[in-house]
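Fold and contact review
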Amino acid sequence: MDSVLVNENPIVYPKRKRHVRTDQSNTDEFSVEPIDQLDVFDHIRDIKDPEYPELSLEELNVITEESVEVDDEKSYVRITFTPTLPHCHVPNVLGLCIYAKLLQSLPRRFKIDVRVAPGSHVNEDAVNKKLSDKERMVAGLENPYLVALLN
Amino acid sequence: MVEPNQLTQHLETFVDITRSPTQQDDSLRRIASSLENDTLSINQLVREMEMYLTTTDDVVRARGILLLAEILNSLKQKPLDNAIVHSLIGFFTEKLADWRAVRGALVGCLALLKRKNVAGVDVLAIAKAMIQNVQVQSFALLERKLCFELLECLLQHHSEAIITMGNLLVYATCEAIDGEKDPQCLMVVFHLIELLAQLFPSPSGPVASDASDIFDSIACYFPLHFTHTKGDEASITREDLSRGLLRAFSSTPFFEPYAIPLLLEKLSSSLTVAKVDSLKCLKDCAMKYGVYRMKKHYGVLWSALKDEFYSSTGTQLSFALESLTSPGFEMNEIHREAVNLLQTLVNQDISFLGFVVDDIHINTVFDTISRHSQYKEMPDTSKLDVLVISQILSVSAKASVKSCNIIFQTVFFRLMNILGIVEIVSTGDVFPKGNSTVSTRLYHGGLHLCIELLRASKDLILDFEEYSPTPGCAQESWCSIVKSFSFPLIQVFTSAVRCSNNDCAEDVYFGVKGLLAMGMFWGGSSPLSRSEFEKILMTLTSIITAKSAKTVVWELALRALVCIGSFIDRYHDSDKVMSYMSIVVENLVSLASSSQCGLPYAMLLEATSEVCSTGPEHVEKMVQGFEEAFCSSLSDFYVTGNFKSIDNCSQLLKCLTNKLLPRVAEIDGLEKLLVHFAISMWNQIESCGVFSCDFNCREFVEAAMTSMGQVVGIALVESQNSIFQKAYSVISSSILPAMESIPLTFAALEGLQRDLSKRDELILSLFASVMIAASPAASIPDAKSLIHLFLVSLLKGYIPAAQALGSMVNKLSSGSGGTNISSDCSLEEACDIIFHADFALEKKISSNGSGPSGKIICASETTLSKICLGLCGSVDLQTRAITGLAWIGKGLLMRGDKRVNEIAQVLVECLKSSNRSGHALHPSAMKHSADAFFILMSDSEVCLNRKFHAVIRPLYKQWFFSSTVPILESLIMNSETPLSRTMLHVALAHVISNVPLTVILDNTKKLHPLILEGLSVLSVDSSEKETLFSLLLVLSGTLTDTKGQQSASDNAHIIIECLVKLTSYPYLMVVRETAIQCLVALLELPHRRIYPFRRKVLQAIVKALDDRKQRVRKEAIRCRQAWVSITT
């Protein structure tokens, strides 16, 4: 990995307040709480950026709650992330981190789709192509360096 | 006695630096103690030590001198001869010049200076040697500290001797402290400055002439920056240091020309700490330096202060309930200190007020006020103006009577003019304008300012009255100004409150706040007449009674009334107490008892209880009113059958229980009132006949039981006795005879139905609650018949009767008969009746007496147990008897009575699929006996607890646990049917989950297999989900404790198997959640024990990731991560 930082002093955004879920679930034992946007966002908000290990993706605005699309019934999740700079050189790693984390956290029935936000990166198409190559992604997960970033 | 060679040994030990500090301390202590008890004299010691004190070896000499000094230091209490002190001082003074031995010399001088008999010459000698030979800043920390302490001691205890040194002393001190950085030393340094200032107060003295130099040496520390939080440094905090520095700053007026400019400069810094410290210090300095010296700084001070007010005030004005009695905006520390400074300055010198009043901003604020009517419409700058100016004016007004007069004279007329209260002020006469104009000119800014001024003057009266006994404010001009405007002001506020538009919540808020401010003027010097005060109360009360829903204004008005009420009560204002009583309290209480008002009854009760809780007299009135209300509602219900009345009764009782009973310790005499209430409840019930209609009054009975129980619980024993008497007379005239006539025979008991009338049920329940709450010392009339009564009623299925019987056996004194005067029945007799109640079939038992085991009667042979075992009677009767037996058993268990074992035996017998006689048990009876173990072991809220004076033997749960678990365990091993096995497990789970965890942890090896089997048996269906959960909690407790982990490690495979199954338990979310948490906890076990199960756990967890509940999914993710990571 390239050790020279492209963006030495990134803008840090304030963390959003964590929603405290109203505990209505206790009243009905058998009601179903579907997996929703906030659920999925909670899984990935604390992933550390590969370039700035002390900052989370949320703080860098790489992902927001709105960048998560979930359909529990169709078992489909799509994450659209925005790299900090258009020529940021780790978008593949970012995408892989998000993918790996969701793979660990979501039930197996889910199809996970991670993409770079349109217009947010110079090599958008190339990155998206790499990210949709599942075999490549799974191979990437073997890298112990990545596993350390996830928690 | 110290032998000479022993002494030498000690000396050698101390001087030898290779020895350990403890050894050195020990030898020091031994020498000191032999001096203390005169086995060794100082002269001898010095002679013996000569070699050490004078040798040319620096190290040995230094240690030797230190030893002598430390010995003197530990002999503070022992008187020494003047000559000895003189010669020792001579020695140490000389050694001050010997820099290698200076530590010993300093310790020695300090120890000697602390003595009473030190001659002035000696002191002077020390001081001179100190000044000439000691270069303080060249020493290490410890020596520096000693130097400063020596100086401190000189200045503090020997000031008359060294005052002659004058300039030299001041100069030397300055030199010594210059550049000091250690916090502990600085604490002493700051004190040194203070002492110097006290020593030389004269304007021609050395401090006055050297003020600039002295100040320079301490000015560099301001504002104090110190970030060490805790730990080392002898726990000195930033606050300590900063307080010391402030005291040094304000120690002498000669610092004024240097200090004030410095402080003003630091005030303009952007650091909060600097601002706060500067403001604090300015306040102290202003008081110490005096008006004359401060005067020239007023202009600068005022503008700096004003800036601080502006920068520390937000524009957010709160309209919340809580801010009715505060200025209504958030205050930070800077703001509070600015307020203190302003108040001090105005209080000290009224001429400072000139700057405030003449300030251009204050004059322009009136234009701002009259430009915007609504607060929310104002631009932020105007909001800030209004808030800051109001705050400045009210703080200045609060400072003194004079300032209050000036502020009111200059501002109040203009304010009234803007608010449209007065037309022309030039003539001095005041003509309030008509109401029509008033309502159109509600300027929020003006109202806020006006309210703040009123509140300030109210506080002023209170301060004033505290200092002078005669009411003097009435003659002051501010008071007469308020007086002349009080009537129209009240009108303005009232009309604001009455505003009925939707968007005038703020009007209403200001109205209530204004009325509250007006209502809180104190006593004799109040500018309000009594009728005006009463008008305020009436307005507020009418708001409360007129509204039919809980609106903001209702809550505001209630809060305002409560504030006024507690204010009056706190300051004992007799006139106002009367008005408050007649207008507010009596009015609300009478409404509560007549229940003829538009307000919902619950709200009325809430208002009444809130208002009345402000003072003891009000509480008394309220309890009396409630009593009347209760009686009239209840009789109304009896006569007309009006459901609303009985509903009101329930609400009233609930209000009593929730609002008043918790405060019984705070309010004097409340106990008596409540007991009276309880007795009149009984009276009322007695006088009422049968219910005229069949109404399910469960709610009422429950409320009445709770109130009755709680009242009896808090009452003294004598009051309990009188309640008992009353209750007994009621019960004996109604149901007691009828019940007593039922003989305790199978034939009679089998035919029992729930056949009590509603009234009898009420009486029985109430009586039971009295019995449940009574203390063991209370005397129970006719206890034997009562036991009979409860016994019959519990067989009829009345649970409170069973609880009452349990409480009785818990509290009756043991011993045969007459040992306890308070009751005509002992525990033995009671048990006789309960267990042994003989009937025709069982004559032989009663004739046989107690059998081989002494007095203890075998319960399994008694009527009750036969019913329990289902030998006779219906299933219904059987289950009732089992539940009843459980409560009786609980009473016995808690006092540690052995008879509970017999009861447990009966209950266990009921759990077997078929008992000794081959009689098959009904499943519902088995279920009830399993649950009986829950009754026995769990803590109950309704009876047999500390609140209700239960007799509780320590460790009773542990005792029952250790005697029951083996029995249950062996029965489980041998159980014949699945049902019986399940029920035995339920019973065991109840016992295990209610015993303290430490007991479980001591027996995990034995219990783990049982718990795990229990978990798997109980998880079969949903009927025991709560029991399952509490058993699972016990398991998780054993997994997280180190004590349980050994056994958990041995049983890892079955534990994991069981937990994995529970992760998909469908009936209770918390079970799944806890099971997953337990799986995480298991990772604490040795790696080799758990690794084989990794695959299995992960498979289960992956399923849990798709759980229907979010909390379970969250735990599953955590668990999955933890288990995945054990690979590497």
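Residues numbered from 1 in each chain as written. Chains lettered and ligands numbered in written order. Predicted model: local features only at pLDDT ≥ 70, side-chain atom pairs only at ≥ 80, totals over all residues. Heavy atoms only, no water.

Chain B carries the name MMS19 nucleotide excision repair protein in an unreviewed UniProt entry, which gives Cardamine amara subsp. amara as its organism. Under the UniProt heading Sequence similarities (unreviewed entry), the note attached to chain B is "Belongs to the MET18/MMS19 family." We quote the UniProt Subcellular location (unreviewed entry) comment for chain B here in full: "Nucleus". (UniProt positions renumbered as here; feature names shortened; annotations may be inferred.)

The name given to chain A in an unreviewed UniProt entry is Protein AE7-like 2, with the source organism recorded as Cardamine amara subsp. amara. The record held by UniProt for chain A lists under Sequence similarities (unreviewed entry) the comment "Belongs to the MIP18 family."

1. Topic: the overall build of chain B
Along its length, chain B carries 57 helices and zero strands. Relative to its full complement of 1128 residues, chain B shows a buried share of 58%. Counting only carbon and sulfur atoms, one obtains 53% of the accessible surface of chain B, whose full area is about 46100 Å². (Helix = DSSP H or I, 4+ residues; strand = E, 2+ residues; numbered from the N terminus. Buried < 20%, exposed > 50% of the residue type's maximum accessible area, 1.4 Å probe, protein only. Areas by Shrake-Rupley, 256 points an atom, 1.4 Å probe, with all protein chains shown as cover.)

2. Considering the interface of chain B and chain A
When the parts of a complex come together, some accessible area is lost, and that lost area is often used as the size of the interface. Between chain B and chain A, the residue contacts involve 15 residues of the former and 23 residues of the latter. Contact between chain B and chain A buries roughly 1700 Å² in total, counting both sides, with carbon and sulfur atoms accounting for 43%. Together, B:R1108, B:K1109 and B:Q1110 form the three largest contributors to the area buried by chain B at its contact with chain A, with a combined 31%. At the boundary of chain B and chain A, one finds two salt bridges. The closest approach of N and O atoms between B:R1113 and A:D39, which form a salt bridge, is 2.8 Å. Where chain B meets chain A, there are eight residue pairs in polar contact (both at pLDDT 80 or more). (Contact = heavy atoms within 4.5 Å. Buried area = accessible area lost by both parts, 1.4 Å probe. Salt bridge = Lys/Arg side-chain N within 4 Å of Asp/Glu carboxyl O. Polar contact = N/O pair within 3.5 Å; in protein donor to acceptor, adjacent residues only side chain to side chain.)

3. Some words on the pairing of strand β3 (residues 111-116) of chain A
One face of the sheet, then the other: side chains in a regular strand alternate in exactly this way. All names here are of chain A. When strand β2 (residues 76-81) meets β3, the two strands line up parallel, connected through six bridges. From the neighbouring strand, R78 faces β3, where its bridge partner is D113. For the segment spanning β2, helix α2 (residues 91-105) and β3, crossover handedness is right-handed. (Pairing = 2+ DSSP bridges. Right-handed = clockwise from strand over helix to strand, strands pointing away.)

4. Here we look at the packing of aromatic side chains
All names here are of chain B. Evaluated as defined, the whole model comprises 20 aromatic pairs over all chains. Ring geometry for F91 against F92: centres 5.3 Å apart, planes inclined by 65°, an arrangement best described as edge-to-face. Each member of the pair F91 and F92 is classed as buried. An aromatic cluster of at least three residues, connected via ring pairs, comprises F215, F222, F249, F255 and Y258. Directly above the ring of F14 sits R63, whose terminal nitrogen or CZ lies 4.4 Å from the centroid. A cation over a ring is seen here: K947 above F948, with NZ or CZ 5.3 Å from the ring centre. (Phe/Tyr/Trp six-rings, centres within 6.5 Å; stacked < 30°, edge-to-face > 60°. Lys NZ or Arg CZ within 6 Å of the ring centre and 35° of its normal.)

5. Description of helix α32 (residues 643-660) of chain B
Here α32(B) is 18 residues long and its end C-alpha atoms lie 25 Å apart, about the 26 Å a rise of 1.5 Å per residue gives. Restricting attention to buried positions, one finds in α32(B) the residues B:S645, B:I646, B:N648, B:C649, B:S650, B:L652, B:L653, B:C655, B:L656, B:T657 and B:L660. (Expected span 1.5 Å × (residues − 1).)

6. Side note on the confidence of the model for chain B
Residues shown with low pLDDT carry predicted positions that ought not to be read at fine detail. All names here are of chain B. Looking at chain B, pLDDT values average 81 and 88% of them are 70 or higher. Of all helices and strands in chain B, the one with the weakest mean pLDDT is helix α42 (residues 843-848) (36), whereas helix α54 (residues 1069-1081) scores best (93). The low-confidence segment residues 434-440 (pLDDT under 50) makes five contacts with residues lying over four places distant or belonging to another chain. Segment residues 838-860: pLDDT under 50, and 29 contacts once partners within four positions in sequence are set aside and those in other chains are kept. Our summary of model confidence lists the complex with pTM equal to 0.70 and ipTM equal to 0.89. (pLDDT = per-residue confidence, 0-100.)

7. Quick look at the UniProt feature "domain: MIP18 family-like" (unreviewed entry) in chain A
Taken from the UniProt record, the annotation "domain: MIP18 family-like" (unreviewed entry) applies to residues 39-112 of chain A. Its end C-alpha atoms 14 Å apart, residues 39-112 of chain A is made of 28% helix and 16% strand.

8. Re helix α26 (residues 505-519) of chain B
Between the first and last C-alpha of α26(B) there are 21 Å, a value that for 15 residues agrees with the 21 Å anticipated at 1.5 Å per step. Most of α26(B) is tucked away, with 14 of its 15 residues classed as buried.

9. Some remarks on unusual backbone geometry
Omega for the peptide link from B:F222 to B:P223 comes to -10°, which places this bond in the cis form. As for its position among the elements, B:P223 is in the loop between α12 (206-219) and α13 (238-249). For A:N61, which is not glycine, the phi torsion reads 60° and is therefore positive. As for its position among the elements, A:N61 is in the loop between α1 (37-44) and β1 (68-71). Although it is not a glycine, B:L944 adopts a positive phi angle of roughly 50°. Of note, B:L944 is situated in the loop between α46 (923-937) and α47 (956-973).

10. Points about the packing of helix α28 (residues 552-571) of chain B against helix α29 (residues 574-594) of chain B
Residues and elements named next belong to chain B. It is the contact of α28 with α29, at a shortest axis distance of 10 Å, that shows an interaxial angle of 145°. The hand of the α28/α29 crossing is left-handed. Residues L561, V562, I564, G565 and I568 of α28 form the contact with α29, whose own contacting residues are K576, V577, Y580 and V584. Of the residues in the contact of α28 with α29, the class split is seven nonpolar, one polar and one charged. (Axes fitted to C-alpha atoms, helices over the stretch in contact; angles between N-to-C directions. Left-handed = near helix turned anticlockwise from the far one by under 90°. Nonpolar A, V, L, I, M, F, W, Y, C, P; charged D, E, K, R; others polar.)

11. Quick word on the environment of B:L271
All names here are of chain B. Along the chain, L271 falls in the loop between α14 (256-267) and α15 (272-289). You can call L271 exposed: its relative accessible area is 52%. The spacing of L271 and V1080 is 809 residues in sequence and 47 Å in space, taken between C-alpha atoms.

12. Comments concerning the side chain of B:S980
Inspection of the secondary structure puts B:S980 in helix α48 (residues 978-994). For B:S980, the side chain forms a polar contact with the main-chain oxygen of B:L911, separated by 3.1 Å.

13. Details of the pattern of salt bridges
Evaluation of the coordinates by the stated rule reveals 40 salt bridges over all chains. The partner of B:D1106 in a salt bridge is A:R109, and the shortest N-O contact between them spans 2.6 Å. A residue pair is termed interchain when its members come from two chains, as with B:D1106 in the loop between α56 (1094-1104) and α57 (1110-1124) and A:R109 in the loop between α2 and β3. If you follow the salt bridges from partner to partner, you end up with B:D58, B:R61, B:D98 and B:R100 in one network.

14. Overview of the pairing of β1(A)
Of the pairings in the sheet, the one linking β1(A) to β2(A) comprises four bridges and is antiparallel in character. Bridge pairing in β2(A) places A:E69 opposite A:R78.

15. Brief notes about the sheet that holds β1(A)
Residue and element names in this part refer to chain A. Across the sheet, three strands lie side by side as β1-β2-β3; this open sheet has mixed pairing. Looking at the sheet topology across the chains shown, the edges are occupied by β1 and β3. The average undirected angle you get between the axes of adjacent strands in this sheet is 10°. In the packing of α2 onto the sheet, the strands contacted are β2 and β3, and the crossing angle to β2 comes to about 150°.

16. Thoughts on the packing of α56(B) against α57(B)
Residue and element names in this part refer to chain B. Running from N to C, α56 and α57 cross one another at 155°; their axes reach a closest spacing of 9 Å. Of the possible angle classes, the one that applies to α56 and α57 is roughly antiparallel. For α56 against α57, the interelement crossing comes out left-handed. Across the interface between the two elements, R1094, V1097, L1098, I1101, V1102 and A1104 of α56 pack against V1112, R1113, A1116, C1119, R1120, W1123 and V1124 of α57. (Parallel < 35°, antiparallel > 145°, perpendicular 65-115°, else oblique.)

17. Considerations on the environment of B:M331
Residue and element names in this part refer to chain B. Residue placement: M331 occurs in the loop between α17 (298-311) and α18 (333-348). Put simply, M331 and S531 are 200 residues apart on the chain and 36 Å apart in space, counted from C-alpha to C-alpha. Contacts of M331, omitting those with residues within four sequence positions, involve R336 and Q391.

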